[in-house]
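Chain residues, written in single-letter form:
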Amino acid sequence: MIHEIRDTNFKGSGRVLSKRLYYEEPYLQEFKGKILEKIKIDGKPALILDNTCFYPTSGGQPNDLGYIQGVSIVDVIEDNEKIIHILKEELKGKINSEVVGKIDWKRRFDHMQQHLGQHILSGAFMKLWSAETLSFHLGEEVCTLDIAKEKLTEEEAQKTEECANEIIFDNRPVKCYFVEGEEELKKLNLRKVPEKTGRIRIIEVEDFDLSACGGTHCRATGEVGMIKITKWEKRGEKIRLEFICGRRARKDYFWKNEVIKNISNKLTIKDSELKEAIDRMLEERKEIWKELKEFKEKLQEYEAKRFIDESSLRGNRIKIINKVFEENNFQEVRGLVQKIINLDDSVVALFGVKNDGAKILFACSRALEYDMNGLIREAAKFIEGQGGGAPNFAQAGGKKAKGIEDALNFALEHFQEFIKK
Ligand SMILES: [Zn+2]
């Protein structure tokens, strides 16, 4: 387990050991302690007591919260064997005076459920697949576990989860004790050899798992309630999986059930048939989109033909179509213009679109050798924008929608000789 010690400079005096009451009594919610030091951490008032049941962030488990003499605790950290309680505001008590601490039990018990759940899940991975736990993190929403395993199939994950939950249903006692010395440690056959030496704290799930850990855990596996692996992914050589236990698992089941119930009701389908029904609907949706696209294409082609038919032949040579669209989808207008110039080899299209600003589009049949790119660059100034494109197909965007007509008139003037009747 990695101990996360934050880099904080605090002014303290000497080395003081705070007794960790949660080691022996993880169910203790209230305690009395004496103030040993009053310090500042990053400008915030902080206390060191002679003993405490506040757990500091370490070993993948987050800190406890709660109150000391009614003052909120904002963080609890560990530094050089000291447990530092960071307070929301200054506390009145003097050095050596007695204070009462009370931890946020709901938060702590949640951490105990997740943490023992992790031991059980790690034990199950070891038992079934000889896969070692590399690290563990208890997050605000989910817990993660890194397992030394190349891949994890759906079936393997299910088996592991089943095995872990059977241990919960057995309601096996969880013991916690200290051992000292290499020989003693060797005898225990721990799931993972601890990096630390000296006095080591052992967490034992009866006849299932033995590991070294300084965190807080439930006294029996049944209190974990249930373990649910929610997802996993391969990360290099290892598998990172997310899991939840206890109240978190119940909460997760609650909302997922609500969502499924809601969707089944809306679709008037049994929840067990939902998966097939949604697959079917997605397939149908794909078909509908395909048909819609085909219809749109046909409609656009019809529209393009209409534009060409309605345009009068100018000067016996080219047809000029000019049109300003309001609130139209620019991509669709582009498609339309493309169709117009493809359908006829002597057409010039000068289009504008008023939609979130201004867009203009100048195009001509490939057979006509006009420089639409050069023309649009000049016309763009009327819409306070810029643009460009290919010689026969260019577009510009600007912010002045009112200038679209001017831009189009400017272009029409360019084709003056054809416009004259
Ligand atoms: Zn633990």
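Source: prediction; values computed, not measured. (Residues numbered from 1 in each chain as written. Predicted model: local features only at pLDDT ≥ 70, side-chain atom pairs only at ≥ 80, totals over all residues. Heavy atoms only, no water.)

**What about the overall build of the chain?**
- Per the secondary structure count, the chain includes 10 helices and 21 strands.
- On C-alpha atoms alone, the chain measures out to a radius of gyration of 36 Å, which is more than a quarter above the 22 Å that the 2.2 N^0.38 rule sets for 421 residues.
- Along the longest, intermediate and shortest principal axes, the C-alpha atoms of the chain span 105 × 55 × 40 Å.
- Relative to its 421 residues, the chain shows a buried fraction of 46%.
- Sequence separation of 24 or more characterises 62% of the internal contacts of the chain that already satisfy a separation of 6 or more. (Helix = DSSP H or I, 4+ residues; strand = E, 2+ residues; numbered from the N terminus. Rg over C-alpha atoms; globule rule 2.2 N^0.38 Å. Buried < 20%, exposed > 50% of the residue type's maximum accessible area, 1.4 Å probe, protein only. Contact = heavy atoms within 4.5 Å.)

**Points about the environment of Glu276**
- Following the sequence through the fold, Glu276 ends up in helix α6 (residues 274-310).
- Taking the C-alpha atoms as reference points, Glu276 and Asn329, separated by 53 residues in sequence, lie 35 Å from one another.

**Quick notes on the packing of helix α2 (residues 105-129) against helix α5 (residues 246-267)**
- One can describe the packing of α2 onto α5 by two numbers: an axis separation of 7 Å at closest approach and a directional angle of 90°. In terms of orientation, α2 lies roughly perpendicular with respect to α5. Between α2, through Lys106, Phe109, Asp110, His111, Gln113 and Gln114, and α5, the contact on the second element is made entirely by Gly246, Arg247 and Arg248. (Axes fitted to C-alpha atoms, helices over the stretch in contact; angles between N-to-C directions. Parallel < 35°, antiparallel > 145°, perpendicular 65-115°, else oblique.)

**A closer look at the sheet that holds strand β14 (residues 227-235)**
- Read across the open sheet, the 4 strands follow the order β9-β10-β15-β14; overall the sheet is antiparallel. In the strand order of this sheet, the two ends are held by β9 (133-138) and β14, each with one partner. The sheet shows a mean angle of 20° between the axes of neighbouring strands, direction not considered.
- Two strands pair when backbone bridges link them, and β14 and strand β15 (residues 238-245) are joined in this way by 8 bridges, in the antiparallel orientation. (Pairing = 2+ DSSP bridges.)

**Some words on the side chain of Gln61**
- Note that Gln61 resides in the loop between β4 (51-52) and β5 (66-68).
- At 2.7 Å, the side chain of Gln61 forms a polar contact with the side chain of His115.
- Contact partners of Gln61, with chain neighbours within four places excluded, come to Tyr55, Pro56, His111, His115, Leu138, Gly215 and Thr216. (Polar contact = N/O pair within 3.5 Å; in protein donor to acceptor, adjacent residues only side chain to side chain.)

**Some words on a positive patch on the surface**
- Taken together, the side chains of Lys106, Arg247, Arg250 and Lys251 make up a positively charged region of the molecular surface.
- Looking at the positive patch, the element that brings in the most residues is α5, giving 3 residues.
- Residue position: Lys106 is located in helix α2. (Patch = residues over 30% accessible without salt bridge, like charges linked within 9 Å, V, L, I, M, F, W, Y side chains within 5 Å. Areas by Shrake-Rupley, 256 points an atom, 1.4 Å probe, with all protein chains shown as cover. Salt bridge = Lys/Arg side-chain N within 4 Å of Asp/Glu carboxyl O. Lys, Arg positive; Asp, Glu negative; His and termini not counted. Charge placed at Lys NZ, Arg CZ, Asp CG, Glu CD.)

**Brief notes about the coordination of the zinc ion**
- For the zinc ion, the full set of protein donor atoms is His115 (NE2), His119 (NE2), Cys213 (SG) and His217 (NE2), at a range of 2.0 to 2.2 Å.
- In this structure, the zinc ion is coordinated by 4 donor atoms arranged in tetrahedral fashion, with angles at the metal of 97 to 123°.
- Donor residues for the zinc ion sit on one chain with the sequence pattern H-x3-H-x93-C-x3-H. Here His217 lies in the loop between β13 (209-212) and β14 and His119 lies in helix α2, a separation of 98 residues in the sequence.
- Assessed through its relative accessible area of 1%, His119 is described here as buried.
- His217 sits in the buried class, given a relative accessible area of 5%. (Donors = N, O, S within 2.8 Å, 3.2 Å for Na, K, Ca; no water. Tetrahedral: all angles 85-135°; square planar, octahedral: opposite > 155°, others 65-115°.)

**Topic: the pairing of strand β19 (residues 358-364)**
- Most of β19 sits out of view: 6 of its 7 residues are buried.
- Following strand β18 (residues 347-354), the chain reverses through 3 residues before pairing antiparallel with β19; Asp356 in that reversal takes a positive phi of roughly 50°.
- Bridge analysis of β19 against strand β21 (residues 393-398) gives 6 bridges, and the strand direction is antiparallel. Bridge pairing links Ala358 to Gly398 in β21.

**Looking at the domain arrangement of the chain**
- When the domains of the chain are assigned, the result is domain 1 (19-103), domain 2 (109-263) and domain 3 (304-419).
- Centre-to-centre, using C-alpha coordinates, domain 1 lies 74 Å away from domain 3. (Domains from an automatic or database assignment.)

**Brief notes about the side chain of Ser346**
- With respect to the helices and strands, the residue Ser346 is situated in the loop between α7 (330-343) and β18.
- Residues contacting Ser346, with those up to four places away along its chain left out, are Arg317, Ile318, Lys319, Ser365 and Leu368.

**Concerning unusual backbone geometry**
- Of note, the phi angle at Thr268 is positive, near 45°, even though the residue is not glycine.
- Along the chain, Thr268 falls in the loop between α5 and α6.
- One non-glycine residue, Glu384, lies in the positive phi region at around 55°.
- Within the element layout of this structure, Glu384 appears in the loop between α8 (372-379) and β20 (385-390).
- Assessed through its relative accessible area of 46%, Glu384 is described here as partly exposed.

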